[in-house]
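Geometric and topological summary
These are the residues of each chain, in order.
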Amino acid sequence: MSSVIRQFTVLSLFILAVRPDGELLDLKCQPTVGIVAQTTDIRCQYKTNGDTIINGVFLKKSTEENFIFQMYGNKIYGDKRFSLENPTNDPSLKISDTMFSDEGNYDYRVVTDRGEQTVQLSITVTAKYSAPVTGTLPVTLKNGRLADLYCNATDGFPGGFIHWFDKHKTNWTINSDLTKVPKDTNGRKSVALSSKLTFKSIDVDLAPFRCVVLNSKYEEDGESRILFDKSARSDEPKVLEPNTTKIIAGVMVIGSLIVGLLFALLFFRRKRSFHRDYDSAKTAEDDSEKP
Ligand SMILES: *[C@@H]1O[C@H](CO)[C@@H](O)[C@H](O)[C@H]1NC(C)=O
Ligand SMILES: *[C@@H]1O[C@H](CO)[C@@H](O)[C@H](O)[C@H]1NC(C)=O
């Protein structure tokens, strides 16, 4: 007799467990990864018979008492950054200008004309890395000499990675050293990345080198190239290039000197020949005057 009662109790508990109207809705929300300062879409859906209408939604953090966002009738309450994708029949949520404080687990209750259901949903918030900044030490590299290549990226979260490749797509990452420095500026979390790729004897023909910044999920956030100065190829100190304007100036000075000299020569010759002509004419005249 008592076992019958026990069986009945178990059965009714089981019925109670599956009975809520939620079973009709079968509401589901995907775990969401948002990006700081961008719009985050939280995809939710329920089984629809075509014309299910949402009467209200209620969203709160699992750890908190108050609702962050509520909508029922035509009224909306709470954080203005939250909204429904389509208030009549799509329970998907949208957060504009996503913040790190949006991260966490939420209880989401959706009430429709076919029943209601509360589900848990989770949001993680990441931040993209800014375009990497590169540099070398020494600033002017020399072929076959010691060289450090730097690639730094900031503002990303959670901490990511930096990978290195040369122009032949050879992976040099294993030779690099990555430093991660966590930062928190007024709740804006980030992990600064600094990667140093060291060569005891660099081959400048491998340039340009490419550093690729990856987020914590190994997705590419950005990249940068390091080109070497042409002078890196020569091992000798830079030979001073002849200055062409100086050469032209020199040619012009020498040229005008030569021209001047030629004029002077011409002038003297003419003067001399004039004197000669004059003298010979005078002699002839004197001769003719002679009786
Ligand atoms: C990258 O970061 C390291 C470590 O903070 C620093 O020593 C280096 O000068 C930085 N390089 C560039 C190009 O910003
Ligand atoms: C490059 O090497 C790093 C470290 O060895 C590795 O994690 C990464 O997957 C490699 N990348 C490619 C594209 O081969």
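Structural data are supplied above this passage.
What you see is a predicted model; the values in this text were computed from it and never measured.

Focus on the overall build of the chain
- Secondary structure assignment for the chain yields 3 helices and 18 strands.
- Buried positions account for 31% of the 291 residues belonging to the chain.
- Considering only contacts within the chain whose residues lie at least 6 apart along the sequence, 59% involve residues at least 24 apart.

As for the packing of aromatic side chains
- Taken as a whole and assessed by the stated rule, the structure comprises 9 aromatic pairs.
- The ring of F58 has R109 lying over it, and the distance from NZ or CZ to the ring centre is 4.9 Å.
- K180 extends its terminal NZ or CZ atom over the ring of F161, reaching a point 4.4 Å from the ring centre.

Observations concerning the nonpolar core
- Core analysis: the largest hydrophobic core is formed by 49 residues, its most contacted members being F69, Y108, L121, L149, I202, F209 and F228.
- Not counting the four nearest positions on each side in its chain, L121 is found in contact with C29, I42, C44, L59, L93, G104, N105, Y106 and Y108.

A closer look at the layout of surface pockets
- As a volume, the largest pocket reaches approximately 190 Å³.
- Around the largest pocket sit 13 residues that line it, and I35, T126, N215, E219 and D221 are the ones nearest its centre.
- Elements with a contribution of two residues or more to the lining of the largest pocket: strand 2 (32-35) and strand 18 (220-226).
- Classifying every residue of the lining of the largest pocket gives 5 nonpolar, 3 polar and 5 charged.

Some points on the site of ligand 1
- Around ligand 1, a shell composed of T134, G135, N152 and S194 is seen.
- N152 is positioned such that a nitrogen or oxygen atom in its side chain is 2.3 Å from an oxygen atom of ligand 1.
- Between ligand 1 and S194, the relevant distance is 3.2 Å, taken from an oxygen atom to a side-chain nitrogen or oxygen of the residue.
- For ligand 1, the accessible surface in isolation is 370 Å², of which the surrounding protein chains cover 46%.

Structural notes on the site of ligand 2
- With respect to spatial proximity, the complete set of residues near ligand 2 consists of H163, F165, N171, T173 and I174.
- Take N171: an N or O atom from its side chain is 2.4 Å from an oxygen atom of ligand 2.
- Taken by itself ligand 2 offers 370 Å² of open surface, and the protein chains cover 42% of this.
- Here the residues of the shell around ligand 2 are counted per class, giving 2 nonpolar, 3 polar and no charged.

Section: the side chain of D148
- Relative to the assigned elements, D148 resides in strand 13 (residues 147-153).
- No salt bridge is formed by the buried D148; the nearest opposite charge belongs to K196, separated by 4.1 Å.
- Sequence-distant contacts of D148, that is, excluding residues within four places in its chain, are made with G135, T136, L137, K196, L197 and T198.

Here we look at the sheet that holds strand 18
- The strand order across the open sheet built from 3 strands is 14-17-18, with neighbouring strands paired in antiparallel fashion. Because the sheet does not close on itself, it has two edges, and the strands there are strand 14 (161-165) and strand 18. Strand-to-strand twist across the sheet, computed as the mean angle between neighbouring axes with direction ignored, equals 20 degrees.

What about the sheet that holds strand 12 (residues 133-137)?
- Taken in spatial order, the 4 strands line up as 12-13-16-15 in an open sheet, and their pairing is antiparallel. Edge positions in the open sheet fall to strand 12 and strand 15 (176-185), since each of these has one partner strand only. The sheet shows a mean angle of 15 degrees between the axes of neighbouring strands, taken without regard to direction.
- Examined bridge by bridge, strand 15 and strand 16 (residues 188-199) share 10 bridges and lie antiparallel to one another.

Thresholds, definitions, all that
Residues numbered from 1 in each chain as written. Chains lettered and ligands numbered in written order. Predicted model: local features only at pLDDT ≥ 70, side-chain atom pairs only at ≥ 80, totals over all residues. Heavy atoms only, no water. Helix = DSSP H or I, 4+ residues; strand = E, 2+ residues; numbered from the N terminus. Buried < 20%, exposed > 50% of the residue type's maximum accessible area, 1.4 Å probe, protein only. Contact = heavy atoms within 4.5 Å. Phe/Tyr/Trp six-rings, centres within 6.5 Å; stacked < 30°, edge-to-face > 60°. Lys NZ or Arg CZ within 6 Å of the ring centre and 35° of its normal. Core = buried A, V, L, I, M, F, W, Y, C linked by side-chain atoms within 4.5 Å. 1 Å grid on protein atoms, 1.4 Å probe; cavity = no way out; pocket = protein on both sides within 12 Å on 5 of 7 lines; lining within 4 Å. Points joined across faces, edges and corners; volume = space filled by probe spheres on them. Nonpolar A, V, L, I, M, F, W, Y, C, P; charged D, E, K, R; others polar. Near = heavy atom within 4 Å. Polar contact = N/O pair within 3.5 Å; in protein donor to acceptor, adjacent residues only side chain to side chain. Areas by Shrake-Rupley, 256 points an atom, 1.4 Å probe, with all protein chains shown as cover. Lys, Arg positive; Asp, Glu negative; His and termini not counted. Salt bridge = Lys/Arg side-chain N within 4 Å of Asp/Glu carboxyl O. Pairing = 2+ DSSP bridges. Axes fitted to C-alpha atoms, helices over the stretch in contact; angles between N-to-C directions.

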